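Each chain is listed here by its residues.
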Amino acid sequence: MRASLIQIAVNEDETVEARRLRAAALVREQAGADLVVLPELWTTGAFAFEAFDAAAEPLRGPTYEAMAEAAGDAGVWLHAGSVPERGTDGRLYNTSLVLSPSGDLAASYRKIHRFGFDKGEAVLMGAGREPVTVRVPDTTTLGVATCYDLRFPELFRSLVDAGAEVLVVPAGWPERRRSHWTLLARARAVENQAFVLACGTAGTHAGVPQAGHSIVVDPWGEVLAEAGAGEEVLTVDLDTAKVARTREQFPALKDRVLGLEPPRQQREG
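Residues numbered from 1 in each chain as written. Predicted model: local features only at pLDDT ≥ 70, side-chain atom pairs only at ≥ 80, totals over all residues. Heavy atoms only, no water.

A. Helix H3 (residues 62–74), seen in detail. Helix length check: H3, at 13 residues, gives a terminal C-alpha distance of 18 Å against a target of 18 Å (1.5 Å per residue), a fit within 8%. All of the buried residues in H3 are Thr-63, Tyr-64, Ala-66, Met-67, Ala-68, Ala-70, Ala-71 and Ala-74. With its phi angle positive at about 70°, Gly-75 sits one or two positions after the end of H3. (Helix = DSSP H or I, 4+ residues; strand = E, 2+ residues; numbered from the N terminus. Expected span 1.5 Å × (residues − 1). Buried < 20%, exposed > 50% of the residue type's maximum accessible area, 1.4 Å probe, protein only.)

B. Quick peek at the sheet that holds strand S12 (residues 208–209). Strands sit in the order S2-S11-S12 across an open sheet of three strands; the sheet is mixed. Each edge of the sheet is formed by a strand with only one pairing partner; in this case those strands are strand S2 (9–10) and S12. In terms of strand pairing, S2 meets strand S11 (residues 202–205) through two bridges, oriented parallel. Residue pairing in the sheet places Ala-9 in a bridge with Ala-202 of S11. (Pairing = 2+ DSSP bridges.)

C. Representation of the packing of helix H5 (residues 153–161) against helix H6 (residues 178–192) within the structure. Where H5 meets H6, the closest approach of the two axes is 10 Å, and the angle between their N-to-C directions is 40°. It follows from the interaxial angle that H5 and H6 lie oblique. Where H5 crosses over H6, the handedness of that crossing is right-handed. Residues Pro-153, Phe-156, Arg-157 and Val-160 of H5 lie in contact with H6, whose contacting residues are Arg-188, Glu-191 and Asn-192. Residues of the contact of H5 with H6, tallied by class, amount to three nonpolar, one polar and three charged. (Axes fitted to C-alpha atoms, helices over the stretch in contact; angles between N-to-C directions. Parallel < 35°, antiparallel > 145°, perpendicular 65-115°, else oblique. Left-handed = near helix turned anticlockwise from the far one by under 90°. Contact = heavy atoms within 4.5 Å. Nonpolar A, V, L, I, M, F, W, Y, C, P; charged D, E, K, R; others polar.)

D. Spotlight on the UniProt feature "domain: CN hydrolase" (unreviewed entry) in the protein chain. Taking the UniProt record as the reference, the feature "domain: CN hydrolase" (unreviewed entry) is found at residues 1–240. Here residues 1–240 runs as 24% helix and 31% strand, with 7 Å between its end C-alpha atoms. (UniProt positions renumbered as here; feature names shortened; annotations may be inferred.)

E. Fine view of the side chain of Thr-182. Examined against the element boundaries, Thr-182 turns out to sit in helix H6. A distance of 3.3 Å separates a polar atom in the side chain of Thr-182 from the backbone oxygen of Ser-179. (Polar contact = N/O pair within 3.5 Å; in protein donor to acceptor, adjacent residues only side chain to side chain.)

F. Up close: the sheet that holds strand S15 (residues 232–237). Reading across from one edge, S6-S5-S4-S3-S1-S15 is the order of the six strands in this open sheet, with mixed pairing throughout. This sheet does not close on itself; its edge strands, each paired only once, are strand S6 (105–110) and S15. In this sheet, neighbouring strand axes are inclined to one another by 25° on average, regardless of whether the strands run parallel or antiparallel. Two elements, strand S1 (residues 2–7) and S15, share six bridges in a ladder whose sense is antiparallel. Residue pairing in the sheet places Ile-6 in a bridge with Val-233 of S15.

G. Seen up close, the nonpolar core. Counting residues in each nonpolar core, the largest one holds 48 residues, and the members touching the most others are Leu-5, Leu-35, Val-134, Phe-156, Trp-173, Leu-197 and Leu-238. Considering every element that reaches this core, the biggest residue donor is strand S10 (residues 195–199), with five residues. With near-sequence residues (within four places) excluded, Trp-173 lies in contact with Cys-147, Tyr-148, Leu-150, Arg-151, Arg-178, His-180, Trp-181, Leu-184, Gln-210 and Ala-211. (Core = buried A, V, L, I, M, F, W, Y, C linked by side-chain atoms within 4.5 Å.)

H. Here's a closer look at unusual backbone geometry. Despite not being glycine, Phe-117 has its phi angle at roughly 55°, a positive value. Assignment of secondary structure puts Phe-117 in the loop between S6 and helix H4 (121–124). A relative accessible area of 60% means that Phe-117 is categorised as exposed. Backbone geometry places His-213, a non-glycine residue, at a positive phi of 50°. A relative accessible area of 15% means that His-213 is categorised as buried.

I. Up close: the pairing of strand S4 (residues 77–86). Taken across its 10 residues, S4 has nine buried, putting it largely inside the fold. Examined bridge by bridge, S4 and strand S5 (residues 92–99) share seven bridges and lie antiparallel to one another. The residue bridging Pro-84 from the neighbouring strand is Asn-94, located in S5. Linkage of S4 to S5, two consecutive antiparallel strands, is achieved through a turn of five residues, within which Gly-90 is found at a positive phi near 90°.

In structure tokens:
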């Protein structure tokens, strides 16, 4: 599998419409890749909380339409990052879109763990409930997560239990915690014996400098490629059969004990 991570810059001097057109052009340039990934909330910026409501769109809104056309033109599977979605219930969600090479919506994922500690995204957006995997025919199964989700290993274990071999994490991760970004991406790869494709943004979101440094990690925790701080496209060839080989050579997942059965209730006295 050839994967291209588009570490697009998000800056306030570019309109959402202009950035959407530019992102679509960048996707088209990745023709020949199997999978293309965009970051979290690249239309607005992950920290531009005040823009979420006005920029919110339905699931099959203008971002979906532009990305579906680009995916079809390039003939790629496209994880189109996430958008501020206005659900049919009227609430906002941080929702990822995964599109097939024909431009069809293969899956959507509403971010489960919202960042903000009782402010920002945590109060402005509703929480997703269901982990999401996507089967790429004849290739692999993707597990989908978003940014702050990276800090919650139980989500990634549930994705692996559902068959995921490649864990895709779009993000708008701040520069001040970049060391956590690379550490957690490698940890999720090692503990789940899976590839991790973590795609961040460049630029500044509402005054918050972004980490960039999109990263691809193999099932042994080795960094296969890492971007710098600026806008960049990171392209890596993945040997997806390495997941099965790693799990066979070092079968740690078979030794799991906790989490496989409901805990027993202790008796008093």
